[in-house]
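# Inside the fold
Each chain, letter by letter, is given below.
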Amino acid sequence: MAIPVRKIWLNGDLVPWGDATVHILSQSIQRGSLVFDVMPVVDIEAGPAILGMREHCQRFLNSAALNQMVLDVDLDDLLAGVAASVAANPGCDLVKLSAYYPEVTVDVLPADATASVAIAAFSHSDLSPDPAPARPAAARLQVAETRKMPASVLSPQVKIAAGYTAAAIAKRKACAEGFHDVLFLDERGDLAESSTHSFFVVSGGVLRTAPLDIVLSGITRLAVIDLAQDEGIGVKVEPLPPELIERADEAFLTGTTTNIWPVECVDAAELPRPVPGPVCESLMARFECMLSGEDPVFSPRWLQKV
Ligand code: PMP
């Protein structure tokens, strides 16, 4: 891969892409302690904007705090860093925040609890000359054999590299068996979330999604709940027993990289046709309108100009 002509914000300075590296023996590589967040950049008439920029930056700070990291940046520094990164990297469509320990150590703990912070603004075309593969119109989900880590072991609110190991293993198996992603159950056996998406079920006209002691507070999830309430759709945040799939009218995933993604099956259980169903379809249309900057209420509320 050619090195992209991009700049990465590293502890306050913009450095060339190829210089933003860490040692193989760094604590974060060896122990999986890097925390991160990813946010989408869209172009609206007023210029580049980010859906939930403050919420993403706040969630990143929360992840770092739950991981006991000391950061030299606060929310305002992060927001300024994101703006500087986006301005230095025209055409970017994703911003990834990372906090990590570059220290080389054999101990499980780094001697210095102060983490480095990097902000990378880039796009898929920087990583590959081929266009990003088109997302299938509807997702086929396989229930993972492993359960989500209980909150008593690791809070679902920490976006930490090590927390995605089980997701990567389960997703590889799911993809090899013809599915697009996995659906994790929580330790009690209720439906939780996919590898990197929040999960919603529509049944009896009500939108249901798992509570935050079980799943990550997805920023897209928050925006979708907000839109649904405005559309007059009932929303229940509650544990989702697996039998709910059998009587569900619709299901969908939400996340930064896919927005709203209709689900057509969970294991062998097919969701009723058409997919997307009417609730999902109306939310997708409303979400698109919001992202284009044209929704008079939700665009200003959720899209923050960079
Ligand atoms: N759950 C998990 C475990 C995730 O990693 C993500 C992606 N950040 C999501 C849900 C969706 O969150 P968001 O809408 O903020 O992308």
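Note that the coordinates shown come from a computational prediction; the quantities given were computed from them, not determined experimentally. (Residues numbered from 1 in each chain as written. Predicted model: local features only at pLDDT ≥ 70, side-chain atom pairs only at ≥ 80, totals over all residues. Heavy atoms only, no water.)

## A word on the environment of F36
In this structure, F36 sits in strand β3 (residues 35-44). Classification of F36 by relative accessible area gives buried; the value is 10%. Sequence separation of F36 and F60 is 24 residues, and the distance between their C-alpha atoms is 6.3 Å. Once residues lying within four places of it in the same chain are set aside, the contact partners of F36 are F60, K96, L97, S98, K159, I160, A161 and Y164. (Helix = DSSP H or I, 4+ residues; strand = E, 2+ residues; numbered from the N terminus. Buried < 20%, exposed > 50% of the residue type's maximum accessible area, 1.4 Å probe, protein only. Contact = heavy atoms within 4.5 Å.)

## As for the packing of aromatic side chains
Scanning the model with the defined rule gives three aromatic pairs in all. Aromatic pair F36 and Y164: ring centres 5.3 Å apart, planes at 55°, arrangement tilted. Residue F36 is found in strand β3, and its partner Y164 is found in the loop between β7 (139-143) and α5 (165-176); the two are separated by 128 residues along the sequence. A residue is classified by how much of its surface remains accessible, and Y164, at 22% relative accessible area, is partly exposed. (Phe/Tyr/Trp six-rings, centres within 6.5 Å; stacked < 30°, edge-to-face > 60°.)

## Concerning the packing of helix α2 (residues 53-66) against helix α3 (residues 75-88)
When two helices pack together, their arrangement is captured by the angle between the axes and the distance separating the axes. Here α2 crosses α3 at 125°, and the two axes come no closer than 10 Å. The pairing of α2 with α3 is recorded here as oblique in orientation. The crossing of α2 and α3 is right-handed. Residues M53, R54, C57, Q58, F60 and L61 of α2 pack against L75, L78, L79 and V82 of α3. (Axes fitted to C-alpha atoms, helices over the stretch in contact; angles between N-to-C directions. Parallel < 35°, antiparallel > 145°, perpendicular 65-115°, else oblique. Left-handed = near helix turned anticlockwise from the far one by under 90°.)

## Side note on the pattern of salt bridges
Applying the stated criterion to the full structure yields 16 salt bridges. A salt bridge links E177 to K173, with the nearest nitrogen and oxygen atoms 3.4 Å apart. Under the relative-accessibility criterion, E177 is labelled partly exposed at 45%. The partly exposed category is assigned to K173, whose relative accessible area is 29%. Of the charged contacts in the structure, one is a salt bridge between E270 and R273, with a shortest N-O distance of 3.2 Å. Residue E270 is classed as partly exposed on the basis of its relative accessible area, which comes to 42%. Residue R273 is classed as exposed on the basis of its relative accessible area, which comes to 55%. Salt bridges here are not isolated pairs; linked through shared partners, they connect R140, E264, E270 and R273. (Salt bridge = Lys/Arg side-chain N within 4 Å of Asp/Glu carboxyl O.)

## A closer look at the site of the ligand
Not every one of the 16 residues close to the ligand is listed here, only the nearest: K159, Y164, E193, T220 and T256. Here the ligand has 390 Å² of accessible area as a free molecule, and 93% of this is covered by the chains. Of all the elements in the fold, those that place two or more residues in the shell around the ligand are α2, α6 (219-230) and β13 (250-255). In the shell around the ligand, the residues fall into three nonpolar, ten polar and three charged. (Near = heavy atom within 4 Å. Areas by Shrake-Rupley, 256 points an atom, 1.4 Å probe, with all protein chains shown as cover. Nonpolar A, V, L, I, M, F, W, Y, C, P; charged D, E, K, R; others polar.)

## Overview of the nonpolar core
Core analysis: the biggest nonpolar cluster contains 29 residues, and C57, L71, V82 and V95 have the highest contact counts within it. Residues within four places of V95 in sequence aside, it is in contact with D37, V38, M39, V41, I50, V82, V86, I119, A120 and A121. Of all hydrophobic cores here, the second largest spans 24 residues; its members include L51, I219, F287 and M290. (Core = buried A, V, L, I, M, F, W, Y, C linked by side-chain atoms within 4.5 Å.)

## Examining the pairing of strand β9 (residues 191-194)
Pairing of strand β8 (residues 181-185) with β9, which is carried by two bridges, proceeds in the antiparallel orientation. Bridge pairing in β9 places L183 opposite S194. The hairpin turn running from β8 into β9, its antiparallel successor, is five residues long, and G189 in that turn takes a positive phi close to 100°. (Pairing = 2+ DSSP bridges.)

## Considering α6
If you check α6, its first and last C-alpha atoms are 17 Å apart, about what twelve residues at 1.5 Å a residue would give, namely 16 Å. α6 sits mainly inside the fold: nine of its twelve residues count as buried. By the burial criterion, the buried members of α6 are I219, T220, R221, A223, V224, I225, D226, L227 and A228. Where α6 ends, the next residue or the one after it, G232, has phi of about 80°, a positive value. (Expected span 1.5 Å × (residues − 1).)

## A few points about the side chain of D226
Within the fold, D226 resides in helix α6. Every residue in contact with D226, bar those within four places of it in the chain, is listed here: F298, R301 and W302.

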